[in-house]
Amino acid sequence: MPQLAAPCGQEAESFSRESSATLPSSALDRRPQFVGREYRARLRAAEARPGRAEEAGTMASLLLLPLLLLLLLLLPLLPLRLWSQLRWLAADLAFTMRALRCKRALRARALAAAAADPEGPEGGCSLAWRLAQLARQRPAHTFLIHGAQRFSYAEAERHSNRAARAFLRARGWDGGLGGGGTGGAGEGERAAHCARDQAAGSGAARAVREGDGAAPLAPGATVALLLPACPEFLWLWFGLAKAGLRTAFVPTALRRGPLQHCLRSCGARALVLAPEFLESLEPDLPALRGMGLHLWAVGSDTRPAGISDFLAEASAEVDGPVPGYLSAPQNMTDTCLYIFTSGTTGLPKAARISHLKVLQCQGFYQLCGAHQEDVIYLALPLYHMSGSLLGIVGCLGIGATVVLKSRFSAGQFWEDCQQHSVTVFQYIGELCRYLVNQPPNKAERGHKVRLVVGSGLRPDTWERFVRRFGPLQVLETYGLTEGNVATFNYTGQQGAVGRASWLYKHVFPFSLIRYDVATGEPVRDTQGHCVATSPGEPGLLVAPVSQQSPFLGYAGGPELAQGKLLKHVFRPGDVFFNTGDLLVCDNQGFLRFHDRTGDTFRWKGENVATTEVAEALEALDFLQEVNVYGVTVPGHEGRAGMAALALRPPHSLDLVQLYAHVSENLPPYARPRFLRLQESLATTETFKQQKVRMAKEGFDPSALSDPLYILDQARGAYLPLTPARYSALLAGDLRI
């Protein structure tokens, strides 16, 4: 998901000590080290002068005005290729100016927080002070709609304050739990408060914990949330942030070994879970207790021994604000949150999310062109960045309203939009495909949705979505949870994920470099440096690691980040983040997603992009879903293409038309050698296709119950893959 460049000045940022193992020593030697009082002093000193990004943006805009006038005079004389790029200059300039305004606004908020009374709520971390700010400025405005429940910003502030105080009581903090703190702390008092807070934690916490075997929560400890998308998820997350504790968002489907792995990897000291998960978690409870975790359930009347009711504890607390110094970061790149990667190729990794990144995500919807009167429809899991940081924090950034759904229902979607006057829909591509595959209904006409924002929307679905549900704007984005680069398709160009204009790269720098699929490494020249791609050539997307856009890595050892950092990319000593994604920049400067480096495979000496093959197959009207991946074939080099297919009701599989279509639209090496017909295709909880699992399952008809087909080159047709043909293939008698 998209990540913004740092809104705060260079003086407010440095590389985190926690990620030092992933960065070269030269970079570490150059990073400024300041915390606490010095950090606040330098922020306030910076307030008197504009940030470097703002200076650069102002200068760029002044220089561009005469340049634009000159271009208008020269347009008739420009070559067609150059004109195709410059025709988007106005849109590039408009988005650049919006981005600079966004950075300036976020910087002003950060400066105000640094100058605020450390005893007050607006002197805390970005989540704490932004929520307190909105509760003061827009107390009655609806923040959250969930089913029949509605919560204003003032109510959200009070609920999160109660949660914060319950967590603080678990810490043993005794600094005024009975009421909110009031002003009066001087410049040096924040450090004294923090020192006193570090020393607290024995008496009261032991009283709370007596008999459950769990140690008191230390300042900065990690509390894991195993909850569905619901209001309680938000109150607990905000409360943990206000209490100076780290949060870990645990995917709700995890159990047994993977769940315990995630809790250990992030160093969780407590787990809060939903009551509906208690039954499925019962076999895990002995191991969780053995890990020394304090266990809470959210509002369950019947709980196993040793599990407390967190809502009961929180309801007993007052709802006054907690002091900001409890959550104020010593360094903006300190970890405040863990979000787990999807784990499609192994166990999930806990990506470190910094205070800086949370602040940056406040600007997401401002960059998308949304405003405070918008109503945002969010049906994505909150344990992923797209739902929590972009959806929720992005909504806080503009002070809008979010309609939160625990599950996405394509049949209910348009009725929800009509009922709540939804104006913005945050998607991932599969949700849009579900919608266009629904039968027409009255609710889809006359809606107020004007903007849909997200990622992963395939071109064929894009065109069908806009034609059926428009007029509306589609804003496709690209980004990664742990990444330091983001792209925005602010022009609405169908199929693109962003722009590679020099203006955009001035604000959000990145590059596309040549990549060798066979070796799995970037191509380097004779001097050992990477080589930039040409227009139309797939390249690996990389972004420079800097104080403004750091890479914090993952919780655990530095080996988890192996391969994520590339050194000496364009000059000796530079460091770039490796996204692992191949993109293409066309001759107009539009970026299009090509493939994951692990998904692209080689066959017959050629590179095959799974997305290219899938898009070709999806053009067939009888196919509803397609998943393309490479499988190993004994006796053959590389991997052969295989496509899992799901039919569009009420159609049947037409093998003759399918063969004719792939023969006409795909080169010989890219045509799938195997087909697997399924009722529906397996996906992750975030609707990502299960390519790795499908590839491991292979194409053995004796091991799979699904209908299988093989491309018979001699007959020029797809034929049923029978045990006899499978044996002939392994014996080398059947040519593919």
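Here the structure is shown first, and the text comes after it.
Quantities reported herein were computed from a predicted structural model and do not represent experimental measurements.

Student: Can you lay out the overall build of the protein chain for me, pointing to particular residues and giving the numbers?
Tutor: Looking only at helices and strands, the protein chain has 25 helices and 30 strands in total. Residues classed as buried in the protein chain amount to 57% of the 736 residues present. Total accessible area on the protein chain stands at roughly 29200 Å², and carbon and sulfur atoms take up 53% of it.

Student: Explain the side chain of Thr461 to me, and be specific about the residues and the numbers.
Tutor: With respect to the helices, strands and loops of the structure, Thr461 is situated in helix H20 (residues 459-469). Excluding anything up to four places from it in sequence, Thr461 contacts Cys432, Arg433 and Val436.

Student: With reference to specific residues and values, describe helix H22 (residues 610-618).
Tutor: Of all 9 residues in H22, 7 are buried, a share of seventy percent or more. Inspection of H22 places Thr610, Thr611, Val613, Ala614, Ala616, Leu617 and Glu618 among the buried residues, and these make up the whole buried set.

Student: How would you summarise the pattern of salt bridges if you had to cite specific residues and measurements?
Tutor: Tallying each qualifying case throughout the model produces 22 salt bridges. A salt bridge links Glu430 to Arg433, with the shortest nitrogen-to-oxygen separation between them at 2.5 Å. Taken together, the residues Glu430 and Arg433, both in helix H19 (residues 429-436) and 3 residues apart, mark about one turn of the helix. Arg433 shares its class with Glu430; the two are buried. Between Arg433 and Glu625 there is a salt bridge, with its nearest N and O atoms 2.8 Å apart.

Student: Could you give an account of the nonpolar core, with specific residues and numbers?
Tutor: Of all hydrophobic cores here, the largest spans 165 residues; its most connected members are Phe143, Trp237 and Phe425. In this structure, Ala614, Ala644, Leu711 and Tyr726 belong to the second largest nonpolar core, which totals 42 residues.

Student: Could you give me a rundown of the packing of aromatic side chains, with the residues and numbers involved?
Tutor: One pair of aromatic rings is described through two measures. These are the centre distance and the angle between the planes. Taken as a whole and judged by the stated rule, the model has 33 aromatic pairs. With a centroid separation of 6.3 Å and 25 degrees between ring planes, the pair formed by Tyr490 and Tyr504 is classed as stacked. With a gap of 14 residues between them, Tyr490 in the loop between strand S15 (486-488) and strand S16 (498-499) and Tyr504 in helix H21 (residues 502-507) connect regions that are remote in the sequence. Judged by relative accessible area, which is 13%, Tyr490 ranks as buried.

Student: Outline the side chain of Ser160, supporting the account with residue identities and numerical values.
Tutor: With respect to the element layout, Ser160 can be found in helix H7 (residues 153-171). A distance of 3.0 Å separates the side chain of Ser160 from the backbone oxygen of Glu157, its partner in a polar contact. Other than its neighbours up to four places away in sequence, Ser160 contacts Leu131, Trp235, Phe238, Gly239 and Lys242.

Student: Describe in detail the sheet that holds S15, supporting the description with residues and values.
Tutor: If you trace the 8 strands from one edge of the open sheet to the other, you get S2-S1-S11-S10-S12-S13-S14-S15, paired in mixed fashion. Since the sheet does not close on itself, it has two edges, and those belong to strand S2 (149-152) and S15, each with one partner. Direction aside, neighbouring strands of the sheet carry axes that sit 20 degrees apart on average. In this sheet, strand S13 (residues 451-455) lies alongside strand S12 (residues 424-428) in parallel orientation, the contact comprising 5 bridges. Of the residues in S13, the one forming a bridge with Tyr427 is Gly454. Running at roughly 170 degrees to strand S10 (residues 375-378), helix H17 (residues 385-398) makes contact with strand S1 (142-146), S10, strand S11 (401-404) and S12 of the sheet.

Thresholds, definitions, all that
- Residues numbered from 1 in each chain as written.
- Predicted model: local features only at pLDDT ≥ 70, side-chain atom pairs only at ≥ 80, totals over all residues.
- Heavy atoms only, no water.
- Helix = DSSP H or I, 4+ residues; strand = E, 2+ residues; numbered from the N terminus.
- Buried < 20%, exposed > 50% of the residue type's maximum accessible area, 1.4 Å probe, protein only.
- Areas by Shrake-Rupley, 256 points an atom, 1.4 Å probe, with all protein chains shown as cover.
- Contact = heavy atoms within 4.5 Å.
- Salt bridge = Lys/Arg side-chain N within 4 Å of Asp/Glu carboxyl O.
- Core = buried A, V, L, I, M, F, W, Y, C linked by side-chain atoms within 4.5 Å.
- Phe/Tyr/Trp six-rings, centres within 6.5 Å; stacked < 30°, edge-to-face > 60°.
- Polar contact = N/O pair within 3.5 Å; in protein donor to acceptor, adjacent residues only side chain to side chain.
- Pairing = 2+ DSSP bridges.
- Axes fitted to C-alpha atoms, helices over the stretch in contact; angles between N-to-C directions.

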